[in-house]
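# An overview of the molecular structure
Letter by letter, the chains look like this.
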Amino acid sequence: MTTKRKATKKSKAQRPRSARAAMSVATSENQVVKERVAAMAEVPLLVCESDKDLQKVLEVLRNQDEPIEVRLAALQSLQAASFSVIAFESCRGDYIATLRKVATDPNAEMRQRVLGILAREKDGFAIKKLLDGLKNPDKALVPPEKALQLLSYDIHAEAYPVARAIINKPPNEDAKREALRLLAADAKSAPVFEKLLRDKNETAEIRQVSAAALQALKPDSLQENARAILLDDSDYDEIRATSLTAVTQFGDEESVSKDETLKKHVSRMSTKGGAKVKRGARQFMSKYGK
Amino acid sequence: MDPNPTISSLSEAEFASLVSTIAADPARRNELTELLHEDHSIYDERGAATAVRMRGWLLHTLSQVGVSDEALVFILEELDTGTDPYLVAAAARAVRSYSKPSSALAPFVMRAISNIRYRDEPVSFDEYGEYVDDSSGTSPVRELLATLAWLGSNARVVLPDLESIKAQPHGLSKKRLVDLERTLEAIRGAGEETESCCELPRGLKDKFSWGLKSRRSCDPIESTVFEDQNNEAVTFGEFFCGQPSIAVFFYTRCDNPLKCSLTVTKLARIQNLLSERGLANQINTAAITYDPEFDMPERIRGYGQNRGVRLDSRNRMLRAQNGIESIRRHFKLGVNFIESLVNRHRVEVYILDAKGQIASVFERIHWNEQEVVDRAIEVLNETQQDASEAPEKPVANRKTSSPIFGALASVALAFFPKCPICWAAYLSFFGIAGLDRIPYSPWLQPMLATAMLINLASVWLRARATGRMIAFYLVSAGALIIIASKLGNGWEGLAMWGVGLTLTGSVLSALGVRRKRSVDVHA
């Protein structure tokens, strides 16, 4: 009899709780943080069922006195719910308004995640805040590299002039890299990328970003510059490997196959240089060697 | 375009203040509508989000001071193609200050509800550029429903659509369902509709599409070079002159699916309609990008192909090689930029006549493909009528005169005497005609050589236009032989062959053009 009672108790404990019960745990200040975070993961399907539930979760997100782990879990839960666009429609207005409110939260991680969601929605409020922060670092809600990354979600975000200013006077190397990534969609920036790609004083990463940008903006220029880099034995291995990939994958087959000077050079590279260069040279030769 | 150069440098706060000043003066209120033109310098070098704030504020101000027919055009455009919650909400509010509620407005409002209902975000018009971060504001769907309620009986035509939304499990949010109930009551309780539904009044319809009797010449852009989807260069004159065309504008980075993407998809439907009517060879189609610096040939090719556009020598996706500026000026395009990036544009379609002149315009709201095709056929008929009315002989003469003069120049060059003695011998032969008094003129030789080269170039152009290169090859061979005959001693005998080839090529070239014209006009 005792054994039977124990088994019943056990099965009750293991039985998954209802979404309603999870909602109750997730939004209760009396529960332990770990329990609440776990419960938040179970509520996305319920979050839009009633206005009362929605408001409770939004309140957790807004309330700066709540533990940050629970608030972040609430944000994640709302974000998951928002993927069901039609079902979430009734919650969308309050959700966006709350995100705007939380975008200036004292917690940096919260700000960054919220601004990320809003930026992907091309929200005018978020774009304005991010641009203001880049122009005036005292007002910045996120680091400049993050702001540039988020602004790149919307090509219409008027971020190009700011990004160019950052390239000229970068606050750090990451910000410069992100500014270049953002400008990779700006046709007017092709000369900047041409210059950086050929500049041996730049880091390999910056030069590789420049190569990728040129492929998008001015593919012919990338081919010209890649060829020049391959013919220059003093250039670095990483960028020569990138140039090999560019010429092998995107070069004009007819002109590359007739380019005996280039073929001779690359042929030598297949036995000299680093592993990446050798591999790239072998790929090139297998395509154009015969 | 605004003549005031300083207006483009106004800060947003200064812009808001300018709008208030204009709104306060009844005599200046039409300036608010002027500021809604996309190509107004006020939008130069502004980001898209800034342009949204500015236009939204203008629409909101119009909702306070009243909406004219001219302003209604911009409002209906926003309802028809807008996807920004702030702009759509502002447009919905503005409709309610139009003095002539009409059933023709209801479908626009309903379409806007369908377009924006999944982006029903909170917006506020309390202050310029304000973003709502609580539930105190209004929303586009709320404003649109209020506008339908304002239309009352004029919105009866959309009752089934509203009922359908109400019946859907996630049709609208609970808050909006309350607004919807209120709207339904207002429409049902407003009595019978008084007018027939739902054609726009003639005067208003003409603001979205019109034909041009007096047409501007395309001379300023005739030599503008485009690159097509296959990297082939073609000038405006080469592609757009000779037969009518339908041209739409787009750019691949447009993020409004109701504008560029739909425009290019509809261009594909237009091509199908033209094919069905056997007119695919008589009316060209083109999609021209606003963003030629980014829209490289492979991008525009993919964009067109993914939307079902047929691409060949008569149907092309085009990018202006040296930038969009000259095209923008000529067509007076409704577009503005921040650097090379579009910050705002309207939907626009042009029908060009056989001279490349703008004959008809459809803009702002979605055009009906059949109407565009019908209008293009009218333009085609004009062309055929002109061709049949025009005296045939002079046209033929004009077209054939050039190769004949060119060929004669080649003949003259071939037989041009080398020295004054030869000249005297030639002229003594013609002495009976009294020509022996003409002095020896060595300067004639380079002139004739130039004329021969001009002939060669014109034959090449004609050969390219007709696709028959044989004439060009013959004339080229002829020219080379004539030049050789002048260079080498004892090679004079070759000149006859050169003349023969030049004459044959020139005659073939002239005949080719005449045959092509005849096929085009009577096809």
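Residues numbered from 1 in each chain as written. Chains lettered and ligands numbered in written order. Predicted model: local features only at pLDDT ≥ 70, side-chain atom pairs only at ≥ 80, totals over all residues.

## So, the overall build of chain A
- A count of helical and extended segments in chain A gives 18 helices and 0 strands.
- Computed over its C-alpha atoms, the radius of gyration of chain A comes to 27 Å, more than 25% above the 19 Å expected for a compact globule of 290 residues.
- Along the first, second and third principal axes, the C-alpha set of chain A runs to 85 × 55 × 30 Å.
- Within the span of chain A, comprising 290 residues, buried residues form 43% of the whole.
- Considering only residue pairs separated by 6 or more positions, chain A has 56% of its internal contacts joining residues 24 or more positions apart. (Helix = DSSP H or I, 4+ residues; strand = E, 2+ residues; numbered from the N terminus. Rg over C-alpha atoms; globule rule 2.2 N^0.38 Å. Buried ≥ 20, exposed ≤ 12 C-beta atoms within 10 Å, placed from the backbone. Contact = placed C-beta atoms within 7 Å.)

## Notes on the overall build of chain B
- What chain B contains, in helices and strands, is 20 helices and 10 strands.
- In chain B, which comprises 523 residues, the share counted as buried stands at 41%.

## Focus: the sheet that holds strand β2 (residues 225-228) of chain B
All names here are of chain B.
- Within the open sheet, the 8 strands sit side by side as β1-β10-β9-β4-β5-β6-β2-β3. Their pairing is mixed. Here the strands that pair on one side only, and so sit at the sheet edges, are β1 (209-211) and β3 (233-235). Recorded for the sheet is a direction-independent mean angle of 25 degrees between the axes of neighbouring strands.
- The pairing of strand β9 (residues 348-352) with strand β10 (residues 358-363) spans 5 bridges and is antiparallel. Residue leucine 352 lies in a different strand from β10, and its bridge partner there is isoleucine 358.
- Relative to the sheet, helix α12 (residues 257-276) contacts β4 (245-250), β5 (284-289) and β6 (315-320), its axis offset from that of β4 by approximately 160 degrees.
- Along the sheet, helix α13 (residues 297-306) makes contact with β2, β5 and β6, crossing β6 at roughly 145 degrees. (Pairing = 2+ DSSP bridges. Axes fitted to C-alpha atoms, helices over the stretch in contact; angles between N-to-C directions.)

## With respect to unusual backbone geometry
- The phi angle at Glu158(A) is positive, at roughly 50 degrees, despite the residue not being glycine.
- Even without being glycine, Glu339(B) reaches a positive phi, approximately 55 degrees.
- The topology assignment puts Glu339(B) in the loop between β7 (335-338) and β8 (341-345).

## Quick look at the domain arrangement of chain B
Residue and element names in this part refer to chain B.
- The assigned domain composition of chain B is domain 1 (5-205), domain 2 (209-389) and domain 3 (392-522).
- A straight line from the C-alpha centre of domain 1 to that of domain 2 covers 30 Å.
- With 16 residues of domain 1 at the contact, the number on the domain 2 side is 16 residues.
- Looking at the side of domain 1 that touches domain 2, the elements that each hand over two or more residues are α3 (48-65) and α4 (69-81).
- Ranked by the residues each element gives to the side of domain 1 that touches domain 2, the list is headed by α4, at 5 residues. (Domains from an automatic or database assignment.)

## Here we look at the nonpolar core
- Formed by 142 residues in total, the largest nonpolar core has its most connected members in Leu115(A), Leu130(A), Leu151(A), Ile75(B), Ala91(B) and Val109(B).
- If we ignore the near neighbours within four places in the chain, the residues touching Ala91(B) are Leu59(B), Ile75(B), Glu78(B), Leu79(B) and Gly82(B).
- Counting 47 residues, the second largest nonpolar core, distinct from the first, contains Val248(B), Phe249(B), Leu274(B) and Ile327(B). (Core = buried A, V, L, I, M, F, W, Y, C linked by C-beta atoms within 7 Å.)

## Quick word on the environment of Leu148(B)
All names here are of chain B.
- When you line up the elements, leucine 148 lands in helix α7 (residues 140-151).
- With 38 residues separating them along the chain, leucine 148 and methionine 110 place their C-alpha atoms 8.2 Å apart.
- Each residue touching leucine 148, except ones within four places of it in the same chain, is listed here: Ala106, Val109, Ala155, Val158, Thr183 and Ile187.

## Examining the confidence of the model for chain A
- Of the residues in chain A, 94% reach a pLDDT of 70 or more, and the chain-wide mean stands at 90.
- Within chain A, no element has a lower average pLDDT than helix α1 (residues 2-14) of chain A, which sits at 50, and none a higher one than helix α7 (residues 108-120) of chain A, at 97. (pLDDT = per-residue confidence, 0-100.)

## Observations regarding the domain arrangement of chain A
- Splitting chain A by domain gives domain 1 (16-102) and domain 2 (189-290).
- Look at where the C-alpha atoms of domain 1 of chain A and domain 2 of chain A centre, and you get two points 51 Å apart.

## Some points on the interface of chain A and chain B
- Between chain A and chain B, the contact holds 24 residues from the first and 28 residues from the second.
- Going through the elements one at a time, α6 (85-102) and α8 (124-135) of chain A are the ones with two or more residues in the side of chain A that touches chain B.
- Here the element with the most residues in the side of chain A that touches chain B is α6(A); it accounts for 12 residues.
- For the side of chain A that touches chain B, a count of residues per class yields 11 nonpolar, 4 polar and 9 charged. (Nonpolar A, V, L, I, M, F, W, Y, C, P; charged D, E, K, R; others polar.)

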